[in-house]
Amino acid sequence: MFLSIDADKCMGHGRCYTAAADMLSDDDEGFVAQRGQTLQVPDGLLEEARDAADACPEGAISLRDAVDADA
Ligand code: SF4
């Protein structure tokens, strides 16, 4: 499973890295430090990844089974 964070949608609410502290972190401005990245979700952190996606009020976090060829 892969987790992607849309940098254009992220408004720095900070809920994602609170919900998934083992995978995500904050930068100096309160945005998620992994903005604009696609991360492979480690084994055992799938629930956290889902919580992070559900927690984001901007819908900036998406989960998918594979990385798109054009991503
Ligand atoms: S919860 Fe959403 S808007 Fe807030 S920092 Fe995380 S990705 Fe950005």
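Above this note sits the structure.
Quantities reported herein were computed from a predicted structural model and do not represent experimental measurements.

J.: Would you explain the overall build of the protein chain in this entry?
T.: From N to C terminus, the protein chain includes 2 helices and 3 strands. When the helices and strands of the protein chain are listed from N to C terminus, the series reads β-α-β-α-β. For 71 residues, the compact-globule estimate of 2.2 N^0.38 gives 11 Å, and the C-alpha radius of gyration of the protein chain, at 11 Å, lies within 12% of that figure. Its C-alpha atoms give the protein chain principal-axis dimensions of roughly 30 × 25 × 20 Å. Residue burial in the protein chain is summarised as follows: out of 71 residues, 35% are buried. Of the contacts formed within the protein chain by residues at least 6 apart in sequence, a portion of 62% connects residues at least 24 apart. Just so you have it, the protein chain exposes about 4,300 Å², and 41% of that area is on carbon and sulfur atoms. The centroid of the 5 positive side-chain charges in the protein chain is displaced by 5 Å from the centroid of its 16 negative side-chain charges.

J.: I keep staring at the pattern of salt bridges and nothing clicks. Help me out?
T.: As a working rule, side chains carrying opposite charge can pair if their charged atoms are close by. Applying the stated criterion across every chain yields a total of 1 salt bridge. A salt bridge links D27 to R35; the nearest nitrogen and oxygen atoms lie 3.4 Å apart. Accessibility expressed as a relative area gives 30% for R35, which makes it partly exposed.

J.: Honestly, the packing of aromatic side chains in this entry has me stumped. Any pointers?
T.: The relative placement of two aromatic rings is captured by the distance of their centres and the angle of their planes. Using the criterion set out here, one finds 0 aromatic pairs in the structure. The lysine or arginine in question, R35, covers the ring of F31, its NZ or CZ lying 4.1 Å from the ring centre.

How each quantity is defined
- Residues numbered from 1 in each chain as written.
- Predicted model: local features only at pLDDT ≥ 70, side-chain atom pairs only at ≥ 80, totals over all residues.
- Heavy atoms only, no water.
- Helix = DSSP H or I, 4+ residues; strand = E, 2+ residues; numbered from the N terminus.
- Rg over C-alpha atoms; globule rule 2.2 N^0.38 Å.
- Buried < 20%, exposed > 50% of the residue type's maximum accessible area, 1.4 Å probe, protein only.
- Contact = heavy atoms within 4.5 Å.
- Areas by Shrake-Rupley, 256 points an atom, 1.4 Å probe, with all protein chains shown as cover.
- Lys, Arg positive; Asp, Glu negative; His and termini not counted.
- Charge placed at Lys NZ, Arg CZ, Asp CG, Glu CD.
- Salt bridge = Lys/Arg side-chain N within 4 Å of Asp/Glu carboxyl O.
- Phe/Tyr/Trp six-rings, centres within 6.5 Å; stacked < 30°, edge-to-face > 60°.
- Lys NZ or Arg CZ within 6 Å of the ring centre and 35° of its normal.

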